[in-house]
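Overview (structure and organization)
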Amino acid sequence: MEIGNLNYVREKVGDDYATFSGWILERYFRQFYRETGLYNIVTNYWEKDGRNEIDLIAVNEPDREIIIGEIKRNKSRIDLHKLEAKSETICRKQKGWKVGYVGLSLDDMES
C-alpha cells in the first residue's frame, strides 16, 4: 500500500471515529440489555421526521415496563430531561406502563 493511501486511511478513520465509536457503543448496550433476559424487545427509536431519536428502548411486556436510554461516549453530554421530552410519544402510547430513564456511557461498560 502506498504512503498516500495510508494517510488517507488515517485521516478518514480520524474523521469518522466519533460517529463510528458512538454507534458501536449503542450496539454494545442494546446487546447488554438483550442478554439480561429481562426484556423481550430491545431496540432504538426514531420518528419519521427525524426530530426524536432514542438510542435504547428496552421493553418488558409482561411486567409493562420500559427502559428508555441515552448513550454517549462522554457521560457529561447525557441530558435525561431532554430524553424524557423526546420520549413523550412513546409514553403516550404506553399509558399505565412503568417507565425508567437511564444514561449510559463508556464509564458504564462492564470490565
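Scroll up for the structure.
Residues numbered from 1 in each chain as written. Predicted model: local features only at pLDDT ≥ 70, side-chain atom pairs only at ≥ 80, totals over all residues. Heavy atoms only, no water.

1. As for the environment of D79
Stated formally: Strands are runs of DSSP state E lasting at least 2 residues, helices are runs of H or I lasting at least 4, and numbering of each runs from the N terminus. Counting of polar contacts relies on pairs of N or O atoms within 3.5 Å, with two restrictions inside protein: one atom must be capable of donating a hydrogen and the other of accepting it, and residues adjacent in sequence are counted only when both atoms are side-chain atoms.
On the secondary structure map, D79 appears in the loop between strand 3 (65–71) and helix 2 (80–86). One polar contact links the side chain of D79 to the main-chain amide nitrogen of H81, over a distance of 3.1 Å.

2. Details of the pattern of salt bridges
Rules: Here, a salt bridge means any Lys or Arg side-chain nitrogen found within 4 Å of an Asp or Glu carboxyl oxygen. Buried, partly exposed and exposed residues are distinguished by accessible area as a fraction of the type maximum, computed with a 1.4 Å probe on protein chains only: under 20%, between the cut-offs, and over 50%, respectively.
For the structure shown, the criterion picks out six salt bridges. One salt bridge connects E47 with R51, and the closest N-O pair in it is separated by 3.6 Å. Owing to a relative accessible area of 10%, E47 belongs among the buried residues under this scheme. On the basis of relative accessible area, R51 is assigned to the exposed category, the value being 61%. Salt-bridge contacts for D49 lead to R51; the nearest nitrogen and oxygen are separated by 2.6 Å. Through salt bridges with shared partners, a single network forms among E47, D49 and R51.

3. Details of the pairing of strand 3
Inclusion rule: Two strands are said to pair when DSSP picks up at least two bridges between them.
Of all seven residues in strand 3, six are buried, a share of seventy percent or more. As paired strands, strand 2 (residues 53–60) and strand 3 are joined by five bridges and run antiparallel to one another. Each bridged residue has a counterpart across the sheet, and for V59 the counterpart in strand 3 is I66. Where strand 2 folds back onto strand 3 in an antiparallel hairpin, the turn is made up of four residues, including R64, whose phi is positive at roughly 55°.

4. A look at the sheet that holds strand 3
Convention followed: Every angle, taken between N-to-C directions, lies between 0 and 180 degrees, and every axis is a line fitted to C-alpha atoms, over only the stretch in contact when it is a helix.
With respect to topology, four strands assemble into an open sheet ordered 1-2-3-4, the strand pairing being mixed. Looking at which strands have only one partner, the edges of the open sheet turn out to be strand 1 (41–46) and strand 4 (98–104). Geometrically, the sheet is characterised by an average inter-axis angle of 25° between neighbouring strands, direction not taken into account. Here strand 1 runs beside strand 2; their pairing, made up of five bridges, is antiparallel. From the neighbouring strand, W46 faces strand 2, where its bridge partner is E53.

5. Here we look at the nonpolar core
Basically, it comes down to this: Working definition of a nonpolar core: buried Ala, Val, Leu, Ile, Met, Phe, Trp, Tyr and Cys residues. They are joined through side-chain atoms within 4.5 Å. In this analysis, two residues are considered to be in contact whenever any of their non-hydrogen atoms come within 4.5 Å of each other.
Judged by nonpolar contacts, L25, F29, Y33, Y39, V42, L56, A58, I67, I71, V102 and L104 together constitute the single largest core of eleven residues. Of all the secondary-structure elements, those providing two or more residues to this core are helix 1 (3–35), strand 2, strand 3 and strand 4. If one sorts the elements of this core by residue count, helix 1 sits on top with three residues. Once residues lying within four places of it in the same chain are set aside, the contact partners of L104 are F29, Y33, L56, E70, I71, K72 and I78.

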